[in-house]
Amino acid sequence: DVYKRQELAGARAAHRRDGGALTCFLAWVDREAPRRAENGGLSELEAVAALADFRREDPLFRDFSFETIAGSGPNGAIVHYRVSPDSDRKLQEGELFLCDSGGQYLDGTTDVTRTMAIGTPTTEMRKHFTLVLKGHIALARARFPEGTSGSQLDVLARHALWQEGLDYDHGTGHGVGSYLGVHEGPQRISKLPNSQALQPGMIISNEPGYYRTDGYGIRIENLVAVVESDGPGDGSRRMLAFETLTLAPIDRRLIDKSLMTAAEIAWLDAYHARVLASHADSLDSDTRVWLEAATAPL
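Analysis parameters
- Residues numbered from 1 in each chain as written.
- Predicted model: local features only at pLDDT ≥ 70, side-chain atom pairs only at ≥ 80, totals over all residues.
- Heavy atoms only, no water.
- Salt bridge = Lys/Arg side-chain N within 4 Å of Asp/Glu carboxyl O.
- Helix = DSSP H or I, 4+ residues; strand = E, 2+ residues; numbered from the N terminus.
- Buried < 20%, exposed > 50% of the residue type's maximum accessible area, 1.4 Å probe, protein only.
- Pairing = 2+ DSSP bridges.
- Contact = heavy atoms within 4.5 Å.
- Axes fitted to C-alpha atoms, helices over the stretch in contact; angles between N-to-C directions.
- Expected span 1.5 Å × (residues − 1).
- Arc of directions from axis to C-beta.
- Bend = angle between axes of the 7 residues up to and from the residue.
- Core = buried A, V, L, I, M, F, W, Y, C linked by side-chain atoms within 4.5 Å.
- Parallel < 35°, antiparallel > 145°, perpendicular 65-115°, else oblique.
- Left-handed = near helix turned anticlockwise from the far one by under 90°.
- Nonpolar A, V, L, I, M, F, W, Y, C, P; charged D, E, K, R; others polar.

Peer 1: I'm lost on the pattern of salt bridges in this one. Help?
Peer 2: Oppositely charged side chains are able to pair whenever their charged atoms sit close together. In total, this model carries 26 salt bridges according to the counting rule given. A salt bridge links Asp-58 to Arg-17; the shortest N-O distance between them is 2.6 Å. Of this pair, Asp-58 sits in the loop between helix H2 (44-56) and strand S1 (61-64) while Arg-17 sits in helix H1 (residues 2-35), and the two are 41 residues apart along the sequence. Residue Arg-17 is classed as partly exposed on the basis of its relative accessible area of 27%. What you see here is one network of salt bridges that share partners, running through Arg-31, Glu-32, Arg-35, Arg-36 and Glu-46.

Peer 1: I keep staring at the sheet that holds S1 and nothing clicks. Help me out?
Peer 2: The strands that make up a sheet pair up through hydrogen bonds in the backbone, lying either parallel or antiparallel. Within the open sheet, the three strands sit side by side as S1-S4-S5. Their pairing is antiparallel. This sheet does not close on itself; its edge strands, each paired only once, are S1 and strand S5 (108-109). With three bridges connecting them, S1 and strand S4 (residues 103-105) associate as antiparallel partners. Within S4, the position partnered with Asp-63 by the bridge is Gln-104. Against the sheet, H2 engages S1 and S4, with an angle of about 155 degrees to S1.

Peer 1: How should helix H5 (residues 262-279) be read in this particular structure?
Peer 2: Residue pairs spaced three or four apart in an α-helix point in one direction, given the helix's 3.6 residues per turn. In this model, H5 (18 residues) spans 26 Å end to end at C-alpha, consistent with the 26 Å of a helix rising 1.5 Å per residue. Looking at H5, one finds that the buried residues are Glu-264, Ile-265, Trp-267, Leu-268, Tyr-271, His-272, Val-275 and His-279. The arc that holds the buried residues of H5, viewed along the axis, is 160 degrees, so those residues lie on one side. Facing away from the buried side of H5, by more than 90 degrees, are the exposed residues Ala-262 and Ala-277.

Peer 1: So what exactly am I meant to see when it comes to helix H4 (residues 150-162) here?
Peer 2: Over its 13 residues, H4 extends 18 Å from the first C-alpha to the last, a length consistent with the 18 Å expected when each residue adds 1.5 Å. Where H4 bends most, the angle comes to about 30 degrees, and this point is Leu-156. Listed as buried for H4 are Gly-150, Leu-153, Asp-154, Ala-157, Arg-158, Ala-160 and Leu-161. Contacts from the buried residues of H4 go to helix H3 (123-140), strand S7 (143-145), strand S9 (188-189), strand S11 (209-212) and strand S14 (239-244).

Peer 1: I keep staring at the sheet that holds S7 and nothing clicks. Help me out?
Peer 2: The four strands are arranged S7-S14-S13-S10 in an open sheet whose pairing can be described as antiparallel. Looking at which strands have only one partner, the edges of the open sheet turn out to be S7 and strand S10 (203-206). Between one strand axis and the next, the sheet turns through 40 degrees on average, direction left out of account. Two strands pair when backbone bridges link them, and S10 and strand S13 (residues 222-229) are joined in this way by four bridges, in the antiparallel orientation. Pairing of Ser-205 across the sheet is with Leu-223, part of S13.

Peer 1: Just to check I follow, could you spell out the nonpolar core for this structure?
Peer 2: Generally speaking, soluble globular proteins have nonpolar side chains that are buried together. Counting residues in each nonpolar core, the largest one holds 70 residues, and the members touching the most others are Phe-25, Val-29, Phe-97, Leu-133, Phe-144, Leu-198 and Phe-242. Those residues in contact with Phe-144 that lie beyond four places of it in its chain are Leu-153, Leu-198, Val-226, Arg-238, Met-239, Leu-240, Ala-241 and Phe-242. Ranked by size, the runner-up nonpolar core spans nine residues in total, among them Leu-8, Val-176, Val-182 and Ile-203.

Peer 1: So what exactly am I meant to see when it comes to the packing of H3 against H4 here?
Peer 2: Between two packed helices, the angle of one axis relative to the other and the distance separating the axes together describe the packing. Here H3 crosses H4 at 155 degrees, and the two axes come no closer than 7 Å. Relative to H4, the element H3 is oriented roughly antiparallel. Of the two elements, H3 crosses H4, and the hand of that crossing is right-handed. Two secondary-structure elements touch here, H3 through Leu-131, Val-132, Lys-134, Gly-135, Ala-138 and Leu-139 and H4 through Leu-153, Leu-156, Ala-157, Ala-160 and Leu-161. Of the residues in the contact of H3 with H4, the class split is nine nonpolar, one polar and one charged.

Peer 1: Would you mind showing me how to read the environment of Pro-34 here?
Peer 2: Relative to the helices and strands, Pro-34 is located in helix H1. Distance from Pro-34 to Arg-252, taken between C-alpha atoms, is 18 Å for residues 218 residues apart in sequence.

Bear in mind that shape data such as this cannot, by itself, settle questions of function.
Below is the structure:
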């Protein structure tokens, strides 16, 4: 238990700093993409390089936990896309930009995906993003009895998409180590059968998505830790829940509030309040103003 507490404390600290670097990057993209539009636009490779520079400012940063996925427009619909000089394209007005990245820090390992609107998103983009967000929130809010496996929870992340005849063809969550493998079992959240019960102290990703071939990709990924839950019950069963570790804003411009329940809105507003409180004091004034707007209550 001592080692478990130390590992989780390190993970929380690493995610707080990593979330600050990612916040600076998201603000940078929001500023640079329109500014460079007249000169051809901001490229995927430039975005990857900028995010790397933000992360390298942390003295505890040692490496990237995997090669950054930075897909604009149709490239974002390729789930395991890796940008190269041949595939590199510009972040263009009216498209989505999907960025999946992570860092290896001496006190923890991170993996986070954010999808951003470049310019004004379409109604369809906002609907699909909101359906993915609803699944992300449903899993983040889950409360479940000890002995539950990730495969038993997977449907929570897909339900909103399924009701619209949509789905995604990858797992919803993978285990993550501590300054170890970013894909580390045996725990996972997936359609595939898995008998490994989720246990307190395990870290796992929460990453539903949606991909329109040749159009755009959407994924919202946070890492979560399995923790004990003290909510209602008769005391006969030990209940567990998820603590969200990742701290970075989710693009409010892509949310169709009319599709969300009051409980979902409350979760997002509380999450964004945590993000703002975690980073506000460490940001320059321009980025802080950007974050205040990005985390404003729905």
